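# Close look at the chain arrangement
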Amino acid sequence: MAPTEGASVHGQEAAGVPRHVAIIMDGNGRWAAKRGLPRVAGHRAGAEAVRTTLKAAAKIGIEVLTLYAFSSENWRRSEEEVSDLKGLLGYYLERELDELDRQGVRLLLIGDHHAFGPQLVERLERAVKRTAANDRLTLVVALGYGARSEIAGAARKLAARVKAGELDPSEIDENKFGSELMTADLPELDLMIRTSGEKRLSNFLLWQAAYAELIFTDTLWPDFDEEALKAALEEYSGRQRRYGGR
């Protein structure tokens, strides 16, 4: 999927604004450690970066912003940190939902958000329902998400359809497989950004990233802002996009 012509970046017309951008938000803990603060302070600062980046993405004209908020591996963190992250998510929803709705942002969830407890699940699902008709920008939040698990789940669904006689194995191709993924109704992923200097995908959108551009920045997530997003988009727009060797 070729990038669309679009909005101005740093006052110049960008060669193309990606429709779908994903971000691995990394570096909250290091940001806090550099300042002698507890990790939860980094997560709070990271939540502010989410707000800033979301507003910038909407202004620039990005259609879909997918954020890796809580991976399936994050459950291995300390009980205290997991509790802090869950509390922060609930606080963010409480504080930002009215503004998200007012700004025309549609909220979607991928992963297993049901593991976050009935109270938070209810608030998450209420937010999804309330914003369902919004169409300015889609914010996809990955909670309890792991790409390998997602791919295995898609394979199980197709296998069940084959077993039930609803599908012939010869009909399974990339499109059929992709239609069983959690992102099936979203545009193809154009750009993935990872903050904090790490250069790996960490089990995030592995199938969807097959032809995405990858940008790794040393900026810690709490310091990521509109200028950092624009810098990534400038790098993206300067690349020659190729698909399947074309």
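Described below are features of the structure shown in this document.

Conventions we followed
- Residues numbered from 1 in each chain as written.
- Predicted model: local features only at pLDDT ≥ 70, side-chain atom pairs only at ≥ 80, totals over all residues.
- Heavy atoms only, no water.
- Pairing = 2+ DSSP bridges.
- Helix = DSSP H or I, 4+ residues; strand = E, 2+ residues; numbered from the N terminus.
- Axes fitted to C-alpha atoms, helices over the stretch in contact; angles between N-to-C directions.
- Expected span 1.5 Å × (residues − 1).
- Bend = angle between axes of the 7 residues up to and from the residue.
- Buried < 20%, exposed > 50% of the residue type's maximum accessible area, 1.4 Å probe, protein only.
- Contact = heavy atoms within 4.5 Å.

Turning next to the sheet that holds strand S4 (residues 64–71). Either a parallel or an antiparallel arrangement is found when strands of a sheet pair, and the pairing is made through backbone hydrogen bonds. Taken together, the 6 strands give an open sheet; going across it, the order is S5-S6-S4-S3-S7-S8, and neighbouring strands pair in parallel fashion. Strand pairing shows two members of the sheet lacking a second neighbour, strand S5 (105–111) and strand S8 (213–216), which therefore form its edges. Averaged over all pairs of adjacent strands, the angle between strand axes in this sheet comes to 20 degrees, irrespective of strand direction. Sheet analysis places strand S3 (residues 20–24) next to S4, joined by 5 bridges and oriented parallel. For His 20, the partnering residue across the bridge sits in S4 and is Val 64.

The next thing to look at is helix H3 (residues 79–102). Between its first and last C-alpha, H3 extends 35 Å over 24 residues, near the 34 Å set by a 1.5 Å rise per residue. Glu 96 marks where H3 bends most, by close to 50 degrees. For H3, the complete set of buried residues consists of Glu 81, Val 82, Leu 85, Leu 88, Leu 89, Gly 90, Tyr 92, Leu 93, Glu 96, Leu 97 and Leu 100. Contacts from the buried residues of H3 go to helix H2 (39–60), S4, S5, helix H4 (118–130) and strand S6 (137–145).

Honestly, that's just the spatial picture; any functional story needs more than this.
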